[in-house]
Amino acid sequence: MRATGILRISVLLVAVVGWIAAFGPTAAGQTRDLAEFLAAPEDHAGETVALEGELIGDYGFRRNGFMWTQLNDDAYTRRPLVESGFLGGSNVGIGIRMPHALAAGLDPPGGYRQRGPVVVVTGVFRYHDPDRQGETYIDVVALRVVEPGRRLAEGPNPITLGVGVVLITGAAVVLWGYRRR
Amino acid sequence: MLIRPTADDFGTIGHYLGRVLLLVAVFGLVPTVWAVLAREWHPLGGFLAMVGVFALIGAAFLRSFPDHETLDWRHGMVVVAVTWLVVPLIGSIPFLLSGHFGSPLDAYFDAMSGLTTTGLAVIQDLDHLASSLNFWRHLLHFLGGQGIVIAALVLFAGGGSLTLYYGEAREDRVLPSVRSTARFIWAVAVLHLVVGVAALGIAALVVLGFEWERSLFHGLMIFFAGFDTGGFTPQSTSLGYYHSAWFEFVASVLMVAGAMSFGVHFALWWGGRKRLPVNLETRTVIASLLATLTLTLAGLAALGIYSDVAGLSRQGAFQLLSAHTGTGFSTIPPSELARWGGLAFGGMAIAMALGGMASSTAGGVKALRVGLTLRSVGDEVRDILLPHRSVVDRSYMQFSRRWLTPELAKAAMTVALLYVALYLIGAGVGIAYGVPLERALFESVSAGASVGLSMGVTEPAMPALLKLTYIAQMWLGRLEFIAVFVLIGFIVSAVRGR
């Protein structure tokens, strides 16, 4: 009976925090820059933060009710490399986890020829979480899709394809001559 | 007096180089087929161009040098040293054409890092890279780890194979002939491939909850990088991407298997397990692992970075194991590793510098050389302390009782000193560019010992000379100097000899 009560209060708290996070001040654009945030992560341990970025890689739906993925906030979040050709350094990302329910209906995560959904996540920054043997991640309580995921167009380069075929043909001819000798 | 190489010398070297390049062209077909199956048409062009260049140069060499002599030591070493320069050069073509690299030097850096199983990377936007290109990055680990030339030995009969074998920094033959040893090495690799990919794939599917295709993909990539102690990963956050102690555990088993000598693999498979605990190399590697682990954990505890023992142990032990085996996986970002100062830094740097076992895919000085050096020093001290007519037992166990001759001790110490010099030179170049001492030393040791852990110095924007320095360190460290020195001597003889 007592356990049920605690569970109800917990669900209510998560709902309130989630509502505030989704519709409160942080959702109005006050997201943090991930690179700056990770420059001094120990200063933000336990804080509730809002981060904007692209969901990347995989959606790992685990049996414990959480979905794990990665949130990237870097040059490619705003300008996909395939479309712009702009190189903006290495990726900047952080692991995030959220209840399965929050992850329902999300577009596929980012990868080759796929731009993942750009989202604003609000959650608690778990820095060296003792419950997960020192892992660092964001425990997401609210998620808002800013820009849905989409396919990125990238086609073949006829020049490199042609050069490759010519070179391989040339090698075959040379090798044929060698074998005949 | 230097003797100028003859046309026959060049012919023999060219002939064998042609064979090896043709073999790499065949390996290059694997990611090409992958690109077709995955419908990744843009990278396909890069792969075709790469295979074409490998095949054309290889075929041209064979056609130009059809007659060849039996390889002698000089020829073999030159073939190996040139192979390890040329393969990353041509192998970087798909990288360069992918648009993920800022310059040809950057593409070459990653190809050299892949082949030498180092794992340092300057690729940009890795998280959006095509799967076929990711596969090629990791396949380079496999080719380099198992030895391209070793593969050539399996496929091509011919004399002089011993020189090629030793040229790739392999020291012991576990079977009577080099060719049968090479076959054994590849058999071990293929068996681990099947078991390792299955274990990692199942862990990704069941524990991480990934889709089955992606589970298989991650399993394959992490196997290549773990078993060959490479360190590349398909995602930018390295093994921290998976957030799973189980996944890290399976990867750790593969890392340890990769850092074990093929002699140990042979003993584990075909008897001789009882001799392992008394082997000088086994004892040395266990002692150094325990010592550096203690240093690292004590250092982390002193720094107070982790608030609990479980976190400190898991994170500290994994990074340390990754450093000691020369793998380079990490579960923490480089910026956090850079905060590991004091004892933790010392433990990690020493672990990287020492490396794994001889005749394994790990880099560094290697446990056998460390053991021989320490044993030799101990013998000298005992020789002085004991009465004049006493005889010091200068034998040691390495699968059988062997004698620690002055020549052997000298050879072990020389290579160890060369590694120290390599680490210091790289650190010096880093310091000259304003990199703080600790980070410069860490990054230099990581490059020279083929580890791949980074404190954030290695990045796309780092100076070109620093990239070239790390490339040279990876090449020298992986081939353990001798083949490179012979190549330099060969070039000097060609220019100044009579």
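Think of each chain on its own: its residues are numbered from 1, step by step along the sequence as written. Here every chain gets a letter starting at A, and every ligand a number starting at 1, in the order they are written. Where totals are concerned, whole chains, interfaces and linings use all residues; where local detail is concerned, this predicted model gives features only for residues with pLDDT of at least 70, and gives and counts side-chain atom pairs only at 80 or more.

Participant: What should I look at first to understand the overall build of chain A in this one?
Facilitator: Put simply, DSSP marks the helices as runs of H or I at least four residues long and the strands as runs of E at least two long, and each gets a number from the N terminus on. Secondary structure summary: chain A contains 6 helices and 7 strands in total. Its helices and strands in sequence order give chain A the pattern α-α-β-β-α-α-β-α-β-β-β-β-α, from N to C terminus. Exposure classification rests on a simple neighbour count of other C-beta atoms within 10 Å of a residue's own: a residue reaching 20 or more is buried, one at 12 or fewer is exposed, and one in between is partly exposed. C-beta atoms are placed from the backbone. When each of the 181 residues of chain A is scored for burial, the buried share is 36%.

Participant: I would appreciate a short explanation of the interface of chain A and chain B in the present structure.
Facilitator: Interface size is commonly expressed as the accessible surface area that is lost when the partners come together. If you look at the interface, chain A gives 47 residues, while chain B gives 53 residues. At the level of secondary structure, the elements contributing two or more residues to the side of chain A that touches chain B comprise α2 (34-39), β1 (48-61), β2 (66-72), β3 (93-99), β6 (135-147) and α6 (158-180) of chain A. The greatest single-element share of the side of chain A that touches chain B, amounting to 13 residues, is contributed by α6(A). The classification used treats Ala, Val, Leu, Ile, Met, Phe, Trp, Tyr, Cys and Pro as nonpolar, Asp, Glu, Lys and Arg as charged, and all other residues, Gly among them, as polar. The residue makeup of the side of chain A that touches chain B, split by class, is 21 nonpolar, 21 polar and 5 charged. Contacts are defined on C-beta atoms placed from the backbone: any two residues whose C-beta positions lie within 7 Å are in contact.

Participant: Hey, could you run me through helix α18 (residues 406-432) of chain B in this one?
Facilitator: All names here are of chain B. A helix's residues, less one, multiplied by 1.5 Å, set its expected span. The terminal C-alpha atoms of α18, which comprises 27 residues, lie 38 Å apart, in line with the 39 Å expected from a rise of 1.5 Å per residue. Among the residues making up α18, those that are buried are Ala412, Tyr419, Leu422, Tyr423, Gly426, Ala427, Val429 and Gly430. In this fold, the buried residues of α18 make contact with α16 (342-354), α17 (367-385), α19 (437-448) and α20 (464-479).

Participant: Got a minute to help me understand the nonpolar core in this structure?
Facilitator: Looking at soluble globular proteins, one finds that nonpolar side chains tend to be buried together. Take the buried Ala, Val, Leu, Ile, Met, Phe, Trp, Tyr and Cys residues, join any whose C-beta atoms are within 7 Å, and the set you get is a nonpolar core. Core analysis: the biggest nonpolar cluster contains 157 residues, and Phe54(B), Ala81(B) and Met352(B) have the highest contact counts within it. Ranked by residue count, the leading element in this core is helix α2 (residues 41-64) of chain B, at 14 residues. The residues contacting Ala81(B), other than those within four sequence positions of it, are Leu479(B), Ala483(B), Val484(B), Val486(B) and Leu487(B). In this structure, Leu55(A), Val120(A), Ile138(A) and Val141(A) belong to the second largest nonpolar core, which totals 25 residues.

Participant: I'm lost on the sheet that holds β3(A) in this one. Help?
Facilitator: Adjacent strands of a sheet form backbone hydrogen bonds with each other and so pair up, either parallel or antiparallel. Read around the closed barrel, the 5 strands follow the order β1-β2-β3-β6-β5 (chain A); overall the barrel is mixed. Neighbour-to-neighbour, the strand axes of this sheet turn through a mean angle of 55°, independent of strand direction. Only when DSSP finds a minimum of two bridges between them are two strands counted as paired. Interaxial angles span 0 to 180 degrees and are taken between N-to-C directions of axes, which are lines fitted to C-alpha atoms, for helices over the stretch in contact.

Participant: What is the right way to read unusual backbone geometry from this model?
Facilitator: Trans peptide bonds make up the majority, and among non-glycine residues the majority have a negative phi. In this model, Arg113(A) sits at a positive phi of 60°, which is unusual for a non-glycine residue. Of note, Arg113(A) is situated in the loop between α5 (100-103) and β4 (114-115). Overall, the presence of 17 C-beta atoms within 10 Å leaves Arg113(A) in the partly exposed class. At Glu480(B), a position not held by glycine, the phi torsion is positive, near 55°. For Glu480(B), the position within the fold is in the loop between α20 and α21 (482-496).

Participant: Looking at this model, I keep getting lost on the confidence of the model for chain A. Mind explaining?
Facilitator: Detailed reading of the predicted coordinates is not advisable wherever pLDDT falls low. Every residue is assigned a pLDDT by the predictor, reflecting its confidence on a scale from 0 to 100. Mean pLDDT for chain A: 88, with 84% of residues reaching 70 or above. Low pLDDT, under 50, characterises residues 21-28 of chain A; the predicted model gives this stretch 15 contacts beyond four residues in sequence or across chains.

Participant: How should I be thinking about the packing of helix α5 (residues 104-115) of chain B against helix α6 (residues 131-146) of chain B in this particular structure?
Facilitator: Two numbers describe a pair of packed helices, the interaxial angle and the distance between the axes. Residues and elements named next belong to chain B. Running from N to C, α5 and α6 point in directions that differ by 45°, and their axes come no closer than 6 Å. On the basis of the axis angle, α5 is oblique to α6. Of the residues in α6, those in contact with Asp110, Ala111, Gly114 and Leu115 of α5 are Arg137, Leu140, His141, Leu143 and Gly144. Among the residues forming the contact of α5 with α6, the class breakdown is 4 nonpolar, 3 polar and 2 charged. Geometric relationships in this document are graded by angle, where less than 35 degrees denotes roughly parallel, more than 145 denotes roughly antiparallel, 65 to 115 denotes roughly perpendicular, and other angles denote oblique.

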